[in-house]
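Structural overview
Below are the chains, spelled out letter by letter.
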Amino acid sequence: PTLNFEHLGISSKSVLTIAARIEQAFEIECPSILLFDHPSIDRLAQFLSNETDSSTRPEDARSQPPTHTRDIAIVGLSCRFPGAESPEEFWSVLTTAKDCISQGHRDNSSQWGGYLSSIDTFDAEFFNISPREAKEMDPHQRLLLEVSWEALEDAGIPVEKLQDTKTGVFFGQSNTEFQRLSFADRNNLSIYTATGSAASIASGRLSYLWSLKGPALTIDTACSSSLVAVHKACESIRSGESDYAFAGGVNLLITSASTLSLNKGQMLSPDGRCKTFDQAANGYVRGEGCGVVFLKSLSDAERDGDEIYAIIKGSSINQDGATTGLTAPSGRAQREVMRSALSNAGVSPKQ
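Attention in this report is confined to the structure presented alongside it. If you're wondering where the values come from, they're calculated on a predicted model, not measured in any experiment.

1. What about the overall build of the protein?
When its secondary structure is counted, the protein shows 13 helices and 8 strands. Computed over its C-alpha atoms, the radius of gyration of the protein comes to 23 Å, within 12% of the 20 Å expected for a compact globule of 351 residues. For the protein, the spread of C-alpha atoms along the three principal axes comes to 70 × 50 × 40 Å. Relative to all contacts within the protein whose residues are 6 or more apart in sequence, the contacts with residues 24 or more apart total 71%. Counting every atom, the protein has about 19200 Å² of accessible surface; 53% of that belongs to carbon and sulfur. Of the side chains in the protein, 31 bear a positive and 44 a negative charge, and the two mean positions are spaced by 3 Å.

2. Observations concerning the sheet that holds strand β6 (residues 244–251)
Taken in spatial order, the 6 strands line up as β5-β4-β6-β7-β1-β8 in an open sheet, and their pairing is mixed. With one partner strand each, in any of the chains shown, β5 (216–219) and β8 (310–312) form the two edges of the open sheet. Strand-to-strand twist in this sheet, taken as the mean axis angle between neighbours without regard to direction, amounts to 25°. Relative to strand β7 (residues 289–297), strand β1 (residues 72–80) is paired through 8 bridges, and the arrangement is antiparallel. What sits directly across from isoleucine 72, in β7, is serine 297. Sheet contacts for helix α10 (residues 225–239): β1, β4 (167–172), β5, β6, β7 and β8; angle to β6, the most-contacted strand, approximately 170°.

3. Side note on helix α1 (residues 14–26)
The first and last C-alpha atoms of α1 sit 18 Å apart over 13 residues, in line with the 18 Å expected at 1.5 Å per residue. All of the buried residues in α1 are Val15, Ala19 and Ile22. Across the axial projection of α1, the buried residues extend over an arc of 60°, all falling on one side. Away from its buried face, by an angle of more than 90 degrees, α1 presents the exposed residues Arg21, Gln24 and Ala25. Check the buried side of α1 and you find it contacts α2 (34–37) and α3 (41–48).

4. Things to note about the environment of serine 258
Residue placement: serine 258 occurs in helix α11 (residues 257–264). Overall, the relative accessible area of 21% leaves serine 258 in the partly exposed class. Sequence separation of serine 258 and glutamate 177 is 81 residues, and the distance between their C-alpha atoms is 8.3 Å. Excluding residues that lie within four positions of it along the chain, serine 258 makes contacts with Glu177 and Arg286. At a separation of 2.9 Å, a polar atom in the side chain of serine 258 contacts the side chain of arginine 286.

5. A closer look at a nonpolar patch on the surface
Together, Leu3, Leu8 and Ile41 make up an exposed nonpolar region whose accessible area comes to about 270 Å². If you trace the backbone, leucine 8 turns up in the segment before α1.

6. Points about the nonpolar core
Phe122, Ile129, Leu162, Phe246, Val292 and Phe294 are the most contacted members of the largest nonpolar core, which totals 37 residues. Mapped by element, the contributors of at least two residues to this core are β1, α6 (139–155), β4, α9 (199–210), β6, β7 and α12 (298–304). Aside from chain neighbours lying at most four places away, what touches isoleucine 129 is Phe122, Ala124, Ala134, Met137, Leu145, Arg205 and Leu209. Ranked by size, the runner-up nonpolar core spans 14 residues in total, among them Ile72, Ile219, Ile237 and Ile312.

7. Thoughts on the packing of α6 against α9
Orientation of α6 relative to α9, taken along the N-to-C sense of each, is 50°, at an axis distance of 9 Å. Relative to α9, the element α6 lies oblique. With respect to the hand of their crossing, α6 and α9 are arranged in right-handed fashion. Contact residues: α6 offers Gln141, Leu144, Leu145, Ser148 and Trp149, while α9 offers Ile201, Ala202, Arg205, Leu206, Leu209 and Trp210. Of the residues belonging to the contact of α6 with α9, the class tally is 8 nonpolar, 2 polar and 1 charged.

What counts, and at which threshold
- Residues numbered from 1 in each chain as written.
- Predicted model: local features only at pLDDT ≥ 70, side-chain atom pairs only at ≥ 80, totals over all residues.
- Heavy atoms only, no water.
- Helix = DSSP H or I, 4+ residues; strand = E, 2+ residues; numbered from the N terminus.
- Rg over C-alpha atoms; globule rule 2.2 N^0.38 Å.
- Contact = heavy atoms within 4.5 Å.
- Areas by Shrake-Rupley, 256 points an atom, 1.4 Å probe, with all protein chains shown as cover.
- Lys, Arg positive; Asp, Glu negative; His and termini not counted.
- Charge placed at Lys NZ, Arg CZ, Asp CG, Glu CD.
- Pairing = 2+ DSSP bridges.
- Axes fitted to C-alpha atoms, helices over the stretch in contact; angles between N-to-C directions.
- Expected span 1.5 Å × (residues − 1).
- Buried < 20%, exposed > 50% of the residue type's maximum accessible area, 1.4 Å probe, protein only.
- Arc of directions from axis to C-beta.
- Polar contact = N/O pair within 3.5 Å; in protein donor to acceptor, adjacent residues only side chain to side chain.
- Patch = residues over 30% accessible without salt bridge, like charges linked within 9 Å, V, L, I, M, F, W, Y side chains within 5 Å.
- Salt bridge = Lys/Arg side-chain N within 4 Å of Asp/Glu carboxyl O.
- Core = buried A, V, L, I, M, F, W, Y, C linked by side-chain atoms within 4.5 Å.
- Parallel < 35°, antiparallel > 145°, perpendicular 65-115°, else oblique.
- Left-handed = near helix turned anticlockwise from the far one by under 90°.
- Nonpolar A, V, L, I, M, F, W, Y, C, P; charged D, E, K, R; others polar.

What follows is the structure, given as structure tokens:
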């Protein structure tokens, strides 16, 4: 009874059917995520006996005193997204409800996705990188360099002013397809193959080129990688480890292999459309993009007269722990992380 439903051979699709049958048998209202939140027989039995975990009780949602007093300001940003080469173009895509999903792939697959254009172009000389080294650089690294430069320009800060400062670099990147391609041909390996495809260099290269002395971390927490990167950047500034920080993430669908693998698990929408929270939902759609923000403490931004896009008052991270499956979510863990973030920020849910 203590084993997760996954170990008992129950799939994430089956749990929806089981929840519906429990609702009918016990004549109670059951959320569709019932077995995600209570992923074993004994935990489900406790719920059905009204012995719910105390962490789900409403009184736990009350606001707590803030654990810090330093707000973080976003003073610069840039992006590359499907159908948008800049934040202004991306805003236009959103406000006009433009559909940027297309069918097709660079290696002739017919998978749906949100694709960027011209990921093979790069002004290597601008970044003082030799043509040979640039050729073996993961396009993720090239995109991060370009978009980070634009975010700094947007902030109105000359790169020379950051030299030898405690500026941190926190980037999310979970895709390593280029590395697998690079090492496949053993006859054409060089030192640039290693540096060009290592995930750590995605952030480290920025620190090297501009002589930034803060932490340089490349973070892989799958879909949440860039959010966790922003969280770690904020924590680094608050602790005094960094004075400023670049934070963001990048994702490119260089081959169709991982897309086909996810398709085997029936995770992707066959019609290429996300229908979140809809009864017609049938999977998600993969996409490419790169987004970077430049961060300062709010007090420093106000002192320097920066244009401030937004203020980050608090954030939090956690993990789902044992759920019905390795990739299955936990509604309870998601509620807990939101409560923690609100508490960290000193903000009540009603605000």
